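Working through the structure, step by step
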Amino acid sequence: MTNIQVEDLSDVKKKVTVEVPQDKVLELLDSQYRDLKKTVQIKGFRKGKVPLEILRSYFKTQVEADTAKKIIEDTLESGLEEKKIVMVSVVKIDPDAVEAGKPFKYTAEIEVPPSIEVRDYTGLKLKKTRREVGEKQVEERLQSLRERNARLSPIPESRGVKEGDHLVVDVKAEAEGNVIPALTVTDYHMELGRNFYLPDFDSKLVGLKPDETKQISMELPSDFPRKNLAGKAASFELTVKEAKERILPDLDDDFAKDLGEFESLEQVRAEITEDLRKLAESQSKKEIENQIVDLLIEKNAFEVPESMVENQVDHFLNQSIQSLVSRGIDPKRLPAPSEAQREQIRPSAVRTVKGGLVMRAIAEQEKIEVNDEELQAGIEERAGEIGLSVDYLKDQLESNNMLEELRASLLQDKVYKLIQEAAEITEQEPPSESEKAPTDETEKE
């Protein structure tokens, strides 16, 4: 019978010592050699007829290593299940040598979830920022819609270009009598006033009309990439080939109809108001939840497995990469995350892991669960929010192994609700810089 001993190294680490009896070791060794004999080919012997002594002389090291691996695979997880130990990760395994006629012994250092008995999660004092949606916020959002739906039209012949105009220009740049290739461009598209070409360069174009050419001189920046030209005088020949101004649509019912799903401007205002209201509610909800997590971590000190923290760091980094990919950036061109970057986001990862563990512990203490009916309701709600059919979303969640993630999220929502119902919540005025419209960037955990 396999003998398993467990020793606590810390709240989240254990040393597991496993000893497998010699008869079991011999059985597995024989099995490995029998399997090998069926497939191996050695000159001078027919397939399947190689003597055991020959096999041992050729493959002893490999077979013993494979046997050790097989024994560890067969005994570690099953032994931990027998001891009712949940393993998060294996830190390291130190096996002895496998020898026929002797027991096989190995030690494994593993990480386990911390055992948490959460205290003081009722009667929390929480603050909720009062967020009201007013006419000013609605108008700002409406103006933003106008900006996004502006059209470009050639500027009037009576005026030159001005800040905000969209230009197509040719630029020939020289310094010390030589062309500067990095600054010499044809059909360069620019929005006047952005100064993407060079600092203070755009102002030199103000007043020019299409097809006009102008000669200017200015100093190159001190941090110019070509160090031999940094801070030196350069001459530029500028030609405006095309100039267009942004024409904002009128705020009327026709504008609403052009948006595609409205019949009147008032419907647009109503939709914006509702969106801002929901956003304000979401920000307030996240604000309360962040306070709950911070207070519970403060009131309940416990150690977390290092592997869980590292996995969370990886998750955060992957999210950042996916965000860049969604903006059209090739992930192959991105440098690998540095250790300094990992350390920078580590505190957030530790907080996220602790928050998840403490909320799960409260759910266990309060015997809170999410049954299949509640999971189905959660799928239906999310399908409605993102405009997908329920069946399609459920299929996607199942195929990506994300159903249990959704169940865990719903469970966390139930725990937050329990804590808030027993909390003392007071409203507070928003700080002065927050009196503007709610933004789409809610605070991240």
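Look up a bit, the structure's there.
The paragraphs below set out a description of the structure included in this document. (Residues numbered from 1 in each chain as written. Predicted model: local features only at pLDDT ≥ 70, side-chain atom pairs only at ≥ 80, totals over all residues. Heavy atoms only, no water.)

Regarding its fold elements, the chain presents 10 helices and 12 strands. Relative to the compact-globule value of 22 Å for 445 residues, the chain shows a C-alpha radius of gyration of 34 Å, a clear excess of over 25%. In terms of overall dimensions, the chain has a C-alpha envelope of 100 × 70 × 45 Å along the principal axes. Counting only residues that meet the buried cut, the chain has 33% of its 445 residues in that class. Within the chain, residue pairs in contact and separated by at least 24 positions form 69% of the contacts whose partners lie at least 6 positions apart. By element, 46% of the accessible surface of the chain is carried by carbon and sulfur atoms, the whole surface being about 28100 Å². (Helix = DSSP H or I, 4+ residues; strand = E, 2+ residues; numbered from the N terminus. Rg over C-alpha atoms; globule rule 2.2 N^0.38 Å. Buried < 20%, exposed > 50% of the residue type's maximum accessible area, 1.4 Å probe, protein only. Contact = heavy atoms within 4.5 Å. Areas by Shrake-Rupley, 256 points an atom, 1.4 Å probe, with all protein chains shown as cover.)

Turning our eyes to something else, we now look at a negative patch on the surface. Together, Asp250, Asp253, Asp254, Asp258 and Glu263 line one region of the surface with negative charge. Structurally, Asp258 is set in helix H4 (residues 253–258). Owing to a relative accessible area of 67%, Asp258 belongs among the exposed residues under this scheme. (Patch = residues over 30% accessible without salt bridge, like charges linked within 9 Å, V, L, I, M, F, W, Y side chains within 5 Å. Salt bridge = Lys/Arg side-chain N within 4 Å of Asp/Glu carboxyl O. Lys, Arg positive; Asp, Glu negative; His and termini not counted. Charge placed at Lys NZ, Arg CZ, Asp CG, Glu CD.)

Attention now goes to the packing of aromatic side chains. Here a ring pair, both rings aromatic, is described through the centre-centre distance and the interplanar angle of the planes. Counted by the stated rule, this structure contains six aromatic pairs. Here the aromatic rings of Tyr197 and Phe201 are separated by 4.4 Å at their centres, their planes lie at 45 degrees, and the arrangement is tilted. For the pair Tyr197 and Phe201, a shared accessibility class is recorded, and that class is buried. Relative to Phe236, the ring of Phe201 lies with its centre 5.6 Å away and its plane at 65 degrees, an arrangement referred to as edge-to-face. (Phe/Tyr/Trp six-rings, centres within 6.5 Å; stacked < 30°, edge-to-face > 60°.)

Turning to its location among the elements, Asp8 is positioned in strand E1 (residues 3–8). Residue classification places Asp8 among the exposed residues on the basis of a relative accessible area of 53%. Taking the C-alpha atoms as reference points, Asp8 and Ile110, separated by 102 residues in sequence, lie 10.0 Å from one another. If near-sequence neighbours (up to four positions away) are discounted, Asp8 is found in contact with Lys13 and Lys14. Side-chain polar atoms of Asp8 contact the side chain of Lys14, separated by 2.5 Å. (Polar contact = N/O pair within 3.5 Å; in protein donor to acceptor, adjacent residues only side chain to side chain.)

This paragraph deals with the packing of helix H1 (residues 22–39) against helix H2 (residues 52–82). Following both chains from N to C, one finds H1 and H2 inclined at 120 degrees, their axes separated by 9 Å at the closest point. The angle between H1 and H2 falls in the class oblique. As H1 packs across H2, the resulting crossing turns out to be right-handed. Taking contact as the criterion, the partners of Val25, Leu28, Leu29, Gln32, Tyr33, Leu36 and Lys37 in H1 are, on H2, Leu52, Leu55, Arg56, Phe59, Lys60, Val63, Glu64, Asp66, Thr67, Lys70 and Ile71. Here the residues of the contact of H1 with H2 are counted per class, giving 10 nonpolar, two polar and six charged. (Axes fitted to C-alpha atoms, helices over the stretch in contact; angles between N-to-C directions. Parallel < 35°, antiparallel > 145°, perpendicular 65-115°, else oblique. Left-handed = near helix turned anticlockwise from the far one by under 90°. Nonpolar A, V, L, I, M, F, W, Y, C, P; charged D, E, K, R; others polar.)

Moving on to the sheet that holds strand E3 (residues 89–95). Strand pairing in a sheet relies on backbone hydrogen bonds. The paired strands run either parallel or antiparallel. Spatial strand order, E1-E2-E4-E3: four strands in an open sheet with antiparallel pairing. The open sheet has two edge strands, E1 and E3, and neither has a second partner. Recorded for the sheet is a direction-independent mean angle of 20 degrees between the axes of neighbouring strands. With six bridges connecting them, E3 and strand E4 (residues 104–111) associate as antiparallel partners. If you follow Lys92 over to E4, its bridge partner there is Glu109. Across the face of the sheet, H2 comes into contact with E1, strand E2 (13–20), E3 and E4 while running at roughly 50 degrees to E4. (Pairing = 2+ DSSP bridges.)

Note that soluble globular proteins tend to have their nonpolar side chains buried in a common cluster. In this structure, Val118, Ile292, Leu296 and Ile419 are the most contacted members of the largest nonpolar core, which totals 39 residues. Where this core is concerned, the elements lending two or more residues are helix H5 (265–299), helix H6 (306–326), helix H7 (339–365), helix H8 (372–386), helix H9 (390–399) and helix H10 (403–421). Here this core gets eight residues from one element, more than from any other, and that element is H7. The next biggest cluster of nonpolar side chains, apart from the first, holds 27 residues, and it includes Val20, Ile42, Leu80 and Tyr106. (Core = buried A, V, L, I, M, F, W, Y, C linked by side-chain atoms within 4.5 Å.)

Okay, the pattern of salt bridges next. Counted according to the given criterion, the structure contains 34 salt bridges. Put simply, Lys24 and Glu27 hold a salt bridge, and the shortest N to O gap is 3.9 Å. Of this pair, Lys24 and Glu27 both sit in helix H1, three residues apart, roughly one helical turn. The partly exposed category is assigned to Lys24, whose relative accessible area is 34%. On the basis of relative accessibility, which here comes to 48%, the residue Glu27 falls in the partly exposed class. When the shortest N-O distance is used, the salt bridge between Glu176 and Lys232 registers 2.9 Å. Here Glu176, found in the loop between strand E7 (166–175) and strand E8 (178–179), pairs with Lys232, found in the loop between strand E10 (213–219) and strand E11 (233–247); they are 56 residues apart in sequence, far enough to count as distant.

This next bit is on the side chain of Thr129. Of note, Thr129 is situated in strand E5 (residues 125–129). Take Thr129: its relative accessible area is 7%, and that puts it in the buried class. A distance of 2.6 Å separates a polar atom in the side chain of Thr129 from a polar atom in the side chain of Glu287. Those residues within four positions of Thr129 in sequence are excluded, and the remaining contacts are Ser284, Glu287, Gln428, Glu429 and Pro430.

The next point concerns the environment of Asp200. Along the chain, Asp200 turns up in the loop between strand E9 (185–191) and E10. For Asp200, a relative accessible area of 56% translates into the label exposed. Spatially, the C-alpha atoms of Asp200 and Met218 are 9.3 Å apart, while their sequence positions differ by 18 residues.

In terms of strand pairing, E7 meets E9 through five bridges, oriented antiparallel. For Val168, the partnering residue across the bridge sits in E9 and is His189. In this structure, E7 lies alongside E11, joined through nine bridges in antiparallel fashion. Looking at E11, one finds that Asp170 is bridged to Thr239. Two strands pair when backbone bridges link them, and E7 and E8 are joined in this way by two bridges, in the antiparallel orientation. Looking at the pairing, Glu174 lines up with Val179 of E8. Count of turn residues in the E7/E8 antiparallel hairpin: two residues, of which Glu176 carries a positive phi of about 55 degrees.

Interpretation in functional terms is not warranted from these geometric data alone.
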